[in-house]
Amino acid sequence: MKNRKLYHILKKVKKERLAVRRLSDDALKRKTEEFRTCILKGMSTNTLLPKAFAVVCEADRRILGMEPYDCQILGGIALHYGYLAEMNTGEGKTLTATMPLYLNALTGKSAMLVTANEYLADRDAKEMGPVYEFLGMTVQSGVDKGIREGVRNEGKRRIYDADIVYTTHSILGFDYLLNNLVSSARDRFMREFYYVIIDEADMVLMDAATMPLVISGVPRVQSNLYELADFFVKTLQPERDYIEEDKSAWLTDGGVAYAEQYFRIEKFYGAENFELNRHVTLALKAHMVMERDKDYVVTEKGEVSLLDNGTGRVLTGMKLRGGMHQAIEAKEKLNITQENRSVASITYQNLFLLFPRMSGMSGTISDARKELYRVYKKKVAVIPPNRPLLREDKKDLFFKNARTQYEEAVKEVLRRHETGQPVLIVTSTIADTELISRVLIEKQVAHSVLNANNAYWEAQIIKEAGQKGTVTVSTGMAGRGTDIRLGPEARNLGGLAVIGIGRMANIRLERQARGRAGRQGDPGSSQFFVSLEDDTVSAVGETVLERYVDKDRWISRRKLKKLINGTQKLLEEQAVSQRRRSVDYDKVMKRQRTMMYDVRNRLLDGGSLDPDMVQELARESVKTFLKEHRKLTTGDVTRYVLNNISYDLNNRFLNIGQVKKRERKKVLKRALLSYTASVWKNKVKSFSSEEELKEYVRLCCLQAIDNAWVEQVDYLQQLQYAVSGRSTAQRNPVFEYHEEARQSFLLMEKTIKKEIVRNIFLGQIQYSKTGEMQVLFP
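Cut-off values and rules
- Residues numbered from 1 in each chain as written.
- Predicted model: local features only at pLDDT ≥ 70, side-chain atom pairs only at ≥ 80, totals over all residues.
- Heavy atoms only, no water.
- Pairing = 2+ DSSP bridges.
- Helix = DSSP H or I, 4+ residues; strand = E, 2+ residues; numbered from the N terminus.
- Axes fitted to C-alpha atoms, helices over the stretch in contact; angles between N-to-C directions.
- Contact = heavy atoms within 4.5 Å.
- Buried < 20%, exposed > 50% of the residue type's maximum accessible area, 1.4 Å probe, protein only.
- Disulfide = S-S within 2.5 Å.
- Left-handed = near helix turned anticlockwise from the far one by under 90°.
- Nonpolar A, V, L, I, M, F, W, Y, C, P; charged D, E, K, R; others polar.
- Phe/Tyr/Trp six-rings, centres within 6.5 Å; stacked < 30°, edge-to-face > 60°.

Enquirer: What should I look at first to understand the sheet that holds strand β13 (residues 380–382) in this one?
Expert: Two modes of strand pairing occur in sheets, parallel and antiparallel, and in both the strands are linked by backbone hydrogen bonds. Taken in spatial order, the seven strands line up as β3-β4-β2-β5-β12-β1-β13 in an open sheet, and their pairing is parallel. Edge positions in the sheet fall to β3 (139–141) and β13, since each has one partner strand and no second. In this sheet, adjacent strand axes meet at a mean angle of 20 degrees when their direction is disregarded. Packed on one face of the sheet, helix α4 (residues 70–80) meets β1 (84–86), β5 (195–199), β12 (357–362) and β13 and runs near 145 degrees to β12.

Structure, rendered in structure tokens:
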């Protein structure tokens, strides 16, 4: 769809608004049922769009006192047609979303808006809720903290049964995983996914795309290798023992030889050393790749909390998978927390690809249009602002060293502060915000600091940031999703001045920072102060930094600019490569998860195994046992029967040792198959009806599948970290991961079949007071 098509539809909406404006409140409310009837009769939402959008526009005007501008209607049209819409800061994305959400909710299917944090989701649901309720629709916030533990699924069901849901991407992801872990169909609480709008879409679909959501379960046996691997990694020499590149690190051939000597083992990459290999790889990444106050913080309680690299916000409740979190704790000399099993996992990339209709909006998404189309098959529509942009984006200032850079930046802050102009200083890291804060204290400048350590005060700090004389120091989290509104005096003083200190990881983050100023035609300005000592510029290498910074050699302004901007481009390319690699890894998990969830859902919906299939699996179990045991003893047979078929032997197999060796397996096979058939026959007789037997078999299958899948998910989480260190062994890590994951899946299938037989043959049933069947599994 071309932009002129969007404008053509906009004309239709504006025409319909003239007719809708004459309607009474009651007539306007009745439009919802009228539209639902049209859809039931086969009318498409595309055909209905002009009338439905006109109704929402009028409801917005009457209920909220806010009538959507043309640019907001254009944005709504783009969102309905599945575009990722770029809309400038302050253009009213919250109001824009009311139109496509209402239209898609008319279908009776789920319609959601997913935003960056709980505060925004709750706020938007409460502020926009009266519009939907006026039009006869239900709306819920996914951040319902009033849900009691005992009725959690009922409370969640109430949320997701609503016509329109506002929630966060993390809440939605965890709820999806939990919904697929329920043990019965009545415990499900989510409807099938249909339509979603992702707010701050570039952050969710790109910056946080590779961050996995993991449900943890029964703890693993705690490893004592974390401290050992941590100490070993501290003895390594760069270049000689390991290579650090592209946000990863791995041992060189010399490093592998040193590890084999250090740990007194023969094959570092051998299967027998999988755990040691994994722990060394984790420790190497913890020391060489993960940076404190950039990738994570250590709280006052002595806990490791992850940071969102894009905004600097703490990722509440999220831990790195596969033991990475514990490796960081070992590095920081903290108490090592329990490494839990990964019960279920999904990345944001795969979560949002589950929606048949997905759209999103952000102020800075057009820069990544190629990658977004390649991964999500989504096009970007740039929506023009309602008012011309008056913000003055000044040219970046380049410096050789950080000292001059900070001195000049502070001078500019003081110059503007003396006039009363509000100033927002944006830095890349928490450490930089604290450094700038100390300098401002020395200069006796009152200011607020906003970073992950005091995010609780974010709303209050942002509220004051646009007032006369205010100075705010922040990481990239400042105002993302919320607007900095200018005070009346500040507008006459030139509006908000954004001073950026340090080159950021990508252009989108810098555009986000600049976008804090100049909302809806307000005055404002932005300028970045960058140097060779910025964190992102370290990618140029130690040699260059030593030559121009430490030795203070002369460098032309043109070369300085080229070096600094070139490293940002390099970092962006590395980030794209990392996301592409994450997609490649996650393809395996996606395929396996889809298959396993489909099987689970069929079982939850009443599916079961045919009795003939149960007998076939039992026969297969016997054949597998005989194949795996070439030299059989009476003890082997006894253990197999007691562990798989029956607790009642009746001395049936005690004389098997007296049979000639040549004939022993044939005789034993006939005896085991006969005994298995007999036990199954008696098992069938113990049930009062075929339905009761079917329910018993269903529960036995479900338990076997769940246990095996938990082990598989946990193994794949560990495997991903283990194979990442194999680049030095002339291997392709992604190929290795795919192949080993395939082999483990085949092994899991065998385990499931074996466990189904065990559960069915050895399981015991009992009934609750309500008459519900419960199975005691072996």
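There is more to say, and it comes next.
Enquirer: In this structure, what is going on with α4? I would like to understand it.
Expert: Residues spaced three or four apart along an α-helix point in a common direction, a consequence of the helix completing one turn every 3.6 residues. α4 sits mainly inside the fold: 10 of its 11 residues count as buried. Regarding α4, the residues found buried are C71, Q72, I73, L74, G75, G76, I77, A78, L79 and H80. After α4 finishes, the residue G82 shows a positive phi value of roughly 85 degrees.

Enquirer: Got a minute to help me understand unusual backbone geometry in this structure?
Expert: What you tend to see is this: most non-glycine residues have negative phi, and most peptide bonds are trans. One non-glycine residue, E239, lies in the positive phi region at around 70 degrees. Within the secondary structure, E239 sits in the loop between α10 (225–234) and β7 (242–245). Of the residues examined, E239 reaches a relative accessible area of 65% and is grouped as exposed. Positive phi, normally seen in glycine, also occurs at D293, with a value near 65 degrees.

Enquirer: Can you walk me through the state of the cysteines in this structure?
Expert: Linking two cysteines covalently through their sulfur atoms gives a disulfide. This model, assessed by the stated rule, comprises zero disulfides. Here C701 stays unpaired: no disulfide links it, and the sulfur of C700, its closest cysteine neighbor, is 6.9 Å away.

Enquirer: Explain the pairing of β5 to me, please; I cannot follow it from the model alone.
Expert: Taken residue by residue, a regular strand's side chains alternate between the two faces of the sheet. Where burial is concerned, most of β5 is hidden: five out of the five residues are buried. Judged by which residues are buried, β5 turns out to be covered on both faces: Y195, I197 and D199 on one side and V196 and I198 on the other are all buried. Here strand β2 (residues 111–115) pairs with β5 via four bridges, running parallel. Looking across to β5, one finds that A111 is bridged to Y195. Inspection of the sheet shows β5 paired to β12 by five bridges, in the parallel sense. If you follow D199 over to β12, its bridge partner there is M361.

Enquirer: How do you make sense of the packing of helix α1 (residues 3–20) against α4 when you look at a structure like this?
Expert: Contact pair α1 / α4: the axes reach a minimum separation of 10 Å and the direction vectors enclose 120 degrees. With respect to the hand of their crossing, α1 and α4 are arranged in right-handed fashion. Judged by residue contacts, L6, Y7, I9, L10, V13, K14 and R17 of α1 engage D70, I73, L74, I77 and A78 from α4. Here the contact of α1 with α4 is built from residues that sort into nine nonpolar, no polar and three charged.

Enquirer: Would you mind showing me how to read the environment of F398 here?
Expert: Structurally, the position occupied by F398 is in strand β15 (residues 397–399). F398 sits 133 residues away from S531 along the chain, and the two C-alpha atoms are 5.6 Å apart. Filtering out sequence-adjacent residues up to four positions away, F398 remains in contact with R503, V530, R557, L560, K561, I564 and N565.

Enquirer: Where do I start with the packing of aromatic side chains in this structure?
Expert: Working definition: an aromatic ring pair is given by the centre-to-centre distance plus the angle between the planes. One pass over the structure, following the stated rule, counts 19 aromatic pairs. When the centroid spacing of 4.9 Å and the interplanar angle of 50 degrees are considered together, the rings of F232 and F263 count as tilted. Of this pair, F232 sits in helix α10 while F263 is found in helix α11 (residues 253–263), placing the two residues 31 residues apart along the sequence. For F232, a relative accessible area of 0% corresponds to the buried category. Note on Y262 and F263: the rings are 4.9 Å apart at their centroids and 75 degrees apart in plane angle, and the pair reads as edge-to-face. For Y262, a relative accessible area of 30% translates into the label partly exposed.

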